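Coordinates in review
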Amino acid sequence: MSGPRKCPDCGSSDIVDDAHYAQNQLVCADCGFVLTEGLLTTTFQDEEHLQEVTYSRSTGQNEQLSRCTQRGIKRVQDLCKVLRLPAVFEDTALSYFQRAIKHPSFHLVRLEKKEILVGCCVFVTCRQHNWPLTMGTICSLLYADKELFASVYLAVLKELELDVPALSLMDLVKTHLNSFKLFQSSASIPARFAEDKDKMVARTIQIVELASETWLVTGRHPIPIVTAAAYLAWQSLQPAGRLSCPFPRFCKLAGTDLPPPAHLRLKELNDILLRMASQLAWLRVLQVDKKTVVKHIGDLLQHRHFLVKSSFSSGDAEASSATAAGQGSESSPRVAGCAGQAEGCPPGGKQKSSTGQRPLLPPCLLNPRKRLRTAAPSPAEQAITGDEAISDSEIEQYLRSQEEMREFRKAQARH
């Protein structure tokens, strides 16, 4: 004899018999899930044959919702269950989706964008409730293009007039590392590569904070910086067996993508660490390089505030020197050359400056890119010299007060 029936949705055994339209059906008293539906005689296309269908297939259920809307609602519910979001999140995401699907901007778009619209509503809901979730996670679940997702997401915020708070960088670190596969040893991950999650997250956050203090974060996409910081943190926790592991293999073991700028962010972080290491006497004796400096990241981070202050100047002296160089001083080539190639100088070497310190400035100022060539002016633009006569009606458009009008009339009377 089989045991008591349980709800397949919530697992409750409180199943009641409910009469709906005079048809008996079994319903979960806790969540309202319908286990068995009664049969109805439909007024749909089967009316002539008097065929019996369930209520969910009858006109009473489907007369107000299109098939596309029903499919989208089901996708929102499924996505919330996959992400294990609270019930209140699901209700909010459903309300956003129903508002968006009725909006003219999203009503007649192709199916790919409607599928992305489901993810955008869930993503907006999570951001509003300060639930750490990245756009990359949603895109991987929906197999969606990131650029297309970003465009639909911005359109949703604009058309629905939604306010979404920005995700902090530290929350992003925790969320991004939460998807790594390095926190438990398996057949694909050797034991020496597995790492404790809390230790790696804490070390990565410290490295990201260092990057923020040294202008490596401002104006950049955060994911390459977080990925490079996670690689350095992972190596520094057990450097003996991990220094030989290259960056691409680390990302493959972690099960994450390797963004193209991540190699540049890794190089910039190594340059900062090497400059900090040059301020410690026992590390100057060891002559550390970009590979061996990883072993001493723990010591460098422990005293990072002092080391950053002693490794970099405030930038005021170099800024004044750069100003003098722009005015044609004799030392301008040497000063400008050192400032322009500060990243290429040896981290522990002496630069051609009186202080021997590199200014703490953004990389875009230390290594400015070549200016883009501007388009040649058109003949009409070349014809404008600025000495053209201005009509009285056009002048009056710029006159605001009565006093200005009086002064203008007096000036006209004098001439």
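A brief look at the structure comes next. Keep in mind it's a predicted model, so treat the numbers as computed, not measured.

What follows covers the overall build of the protein. Secondary structure summary: the protein contains 22 helices and seven strands in total. Each of the 415 residues in the protein was classed as buried or not, and the buried ones make up 36%. For the protein, the computed accessible surface area is about 26100 Å², with 52% contributed by carbon and sulfur atoms.

Under the definition given, this model contains ten salt bridges. Of the charged contacts in the structure, one is a salt bridge between E195 and R242, with a shortest N-O distance of 2.8 Å. With E195 in the loop between α8 (169–178) and α9 (197–213) and R242 in helix α11 (residues 239–242), this residue pair connects regions lying 47 residues apart in the sequence. One exposure class covers both E195 and R242, and it is buried. Shared partners join several salt bridges into a network, and the residues in it are R71, R75 and E115.

Quick look at the nonpolar core now. In terms of nonpolar packing, the biggest core is built from 49 residues, with L182, F250 and L300 touching the most fellow members. The set of elements that each furnish at least two residues to this core consists of α8, α9, α10 (222–237), α12 (247–254), α13 (262–277), α15 (297–302) and α16 (304–311). In terms of residues, this core owes the most to one element, α10, which gives nine residues. Apart from the residues within four sequence positions on either side, F250 is in contact with F180, L182, M200, T227, A230, Y231, W234 and C245.

So, about the layout of surface pockets. Of the voids in this model, the largest pocket is the one considered here, and its volume is about 1200 Å³. Lining the largest pocket we find 35 residues, and of these T134, M135, G136, T137 and H176 sit closest to its centre. Elements that contribute at least two residues to the lining of the largest pocket include exactly α5 (111–128), α6 (135–142), α7 (146–160), α8 and α10. By residue number, the principal contributor to the lining of the largest pocket is α8, which donates six residues. Here the lining of the largest pocket is composed, by residue class, of 16 nonpolar, 13 polar and six charged.

About the cut-offs
Residues numbered from 1 in each chain as written. Predicted model: local features only at pLDDT ≥ 70, side-chain atom pairs only at ≥ 80, totals over all residues. Heavy atoms only, no water. Helix = DSSP H or I, 4+ residues; strand = E, 2+ residues; numbered from the N terminus. Buried < 20%, exposed > 50% of the residue type's maximum accessible area, 1.4 Å probe, protein only. Areas by Shrake-Rupley, 256 points an atom, 1.4 Å probe, with all protein chains shown as cover. Salt bridge = Lys/Arg side-chain N within 4 Å of Asp/Glu carboxyl O. Core = buried A, V, L, I, M, F, W, Y, C linked by side-chain atoms within 4.5 Å. Contact = heavy atoms within 4.5 Å. 1 Å grid on protein atoms, 1.4 Å probe; cavity = no way out; pocket = protein on both sides within 12 Å on 5 of 7 lines; lining within 4 Å. Points joined across faces, edges and corners; volume = space filled by probe spheres on them. Nonpolar A, V, L, I, M, F, W, Y, C, P; charged D, E, K, R; others polar.

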